[in-house]
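Fold and geometry: a report
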Amino acid sequence: MRFFLFLFLTLNVESSIAERDDVKEFIEFAISNSDLDRDEVLAFIEDAKPSKKAVVLKNNQPEVKATWDSYRNTRVSATRIINGLKFLLDHKILLENVEKDFGVSKFYIVSIIGIETNYGRNYGSFNPLDAIFTRAFDPKSKYWQNELLELFKIAKRYNLKPKNMRSSWSGAMGLGQFIPSSYNSYGVDYNNDGVVDLMDSREDGIASVANYLKVHGWINNALTVEEVEIENRISSLSEFQIDELVLPYRINNFRTKITADEIKDGGLEFNENFSGKITPLLMHQSGKTRLFLGFDNFRVITKYNRSSKYALAVHQLAEEIEKKYYETI
Ligand SMILES: [Ca+2]
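The protein appears in an unreviewed UniProt entry as Lytic murein transglycosylase from SAR86 cluster bacterium.

Spelled out as structure tokens, the structure:
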């Protein structure tokens, strides 16, 4: 009798997360917006455990706080360039097939995978169930509640256990760190085994990164970023002074899309002419302020991660890996 009572209490404690009012509301949303039934949703939910660590990490995101130099140094490091070359050579045929099939440069695919997961070495120390549950309810977020439902759909479709999968604190999964809605929308079953497996299949992981860029408008061999020479008055600015600059357009913001003439007329002069819409990026890098021009492909990379620094780092790492590659072959 005592044993049964104990068992009853244990079960009761474990199922309490599904009794929360905010979680109950989500359960109804999940049932009416998917083909999952109540028992399936409950089975996932009852495994979830909110993570305090994920909340702390969310409030310290490097894209917001770091200077460009320190942001860049951790991402475009000598080690990451060498490891990028190694990853490229290890998967050369696969990457070349993907490049051909999706029309996306292998150097940028490798660069993104390098920055996201150190070429598959680091898938994060969380599981997507706890990470996304935390983002969905602490504080309440409709966006992340939808991601939680997308996660359940992946788990059901491919018979996976989200608690056993790996993710970043933000719930991004696999080689290219896809959140669940991206996994469902852009994930590719490139090895044709019936499963989009971004965790253990290099084929699926690499092709899915390429597909993401393709769907968002990548044009192979078009310009991504070009650096142009600027006058000393500008190139001697410190990182702090860049922030204080008053210009008729917003710099270092991927939402700025203007012509080369508009950039020049506004005060950042350079000699070259470029057609198309440009995002002006004025960055203090290695002791000097430089002007980088971001073209359409640059803004495609910001669809992957909504940060100008992220996209510029992806470009610079891709360039360095490409340079090493042609020195090697
Ligand atoms: Ca597959």
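**Digging into the packing of helix α8 (residues 92–102) against helix α13 (residues 202–215)**
For the pair α8 and α13, the least separation of the axes is 10 Å and the interaxial angle reads 30°. By the criterion of interaxial angle, the relationship of α8 to α13 is roughly parallel. Regarding α8 and α13, the two cross each other, and that crossing is right-handed. Residues L94, L95, V98 and F102 of α8 form the contact with α13, whose own contacting residues are R202, E203, I206, A207, A210, N211 and K214. Grouping the amino acids of the contact of α8 with α13 by side-chain chemistry returns seven nonpolar, one polar and three charged.

**Some remarks on helix α10 (residues 128–137)**
Among the ten residues of α10, nine are classified as buried, and the element is accordingly described as predominantly covered. If you check which residues of α10 are buried, you get P128, L129, D130, A131, I132, F133, T134, R135 and A136. In this structure, the buried residues of α10 make contact with α3 (38–45), α4 (52–58) and α11 (142–158).

**Regarding the sheet that holds strand β3 (residues 288–294)**
Note: strands within a sheet are paired through backbone hydrogen bonds, in either parallel or antiparallel orientation. Strands sit in the order β1-β3-β2 across an open sheet of three strands; the sheet is antiparallel. At either margin of the open sheet sits one strand with a lone partner, and together these are β1 (225–228) and β2 (279–285). Going across the sheet, the axis of each strand differs from the next one's by a mean of 35°, ignoring polarity. Here β1 runs beside β3; their pairing, made up of four bridges, is antiparallel. Across the sheet, E227 pairs through a bridge with F292, a residue of β3. Contacts from helix α18 (residues 308–328) reach β1, β2 and β3, with the element oriented near 75° to β2.

**Details of the packing of helix α9 (residues 106–117) against α18**
Direction vectors running N to C along α9 and α18 enclose 120°, while the axes themselves pass 8 Å from each other. It follows from the interaxial angle that α9 and α18 lie oblique. As for how α9 packs across α18, the hand of that crossing is right-handed. Contacts from F107, Y108, V110, S111, I112, G114 and I115 in α9 reach A313, V314, L317, A318, I321 and E322 in α18.

**Concerning the domain arrangement of the protein**
As far as domains go, the protein holds domain 1 (2–56 + 124–172) and domain 2 (225–294). A separation of 45 Å is found between the C-alpha centroids of domain 1 and domain 2.

**Regarding the environment of V215**
Topologically, V215 is positioned in helix α13. When the 14 C-beta atoms within 10 Å are taken as the criterion, V215 is described as partly exposed. Separated by 55 residues in the primary sequence, V215 and L160 have C-alpha atoms spaced 26 Å apart.

About the thresholds
- Residues numbered from 1 in each chain as written.
- Predicted model: local features only at pLDDT ≥ 70, side-chain atom pairs only at ≥ 80, totals over all residues.
- Axes fitted to C-alpha atoms, helices over the stretch in contact; angles between N-to-C directions.
- Helix = DSSP H or I, 4+ residues; strand = E, 2+ residues; numbered from the N terminus.
- Parallel < 35°, antiparallel > 145°, perpendicular 65-115°, else oblique.
- Left-handed = near helix turned anticlockwise from the far one by under 90°.
- Contact = placed C-beta atoms within 7 Å.
- Nonpolar A, V, L, I, M, F, W, Y, C, P; charged D, E, K, R; others polar.
- Buried ≥ 20, exposed ≤ 12 C-beta atoms within 10 Å, placed from the backbone.
- Pairing = 2+ DSSP bridges.
- Domains from an automatic or database assignment.

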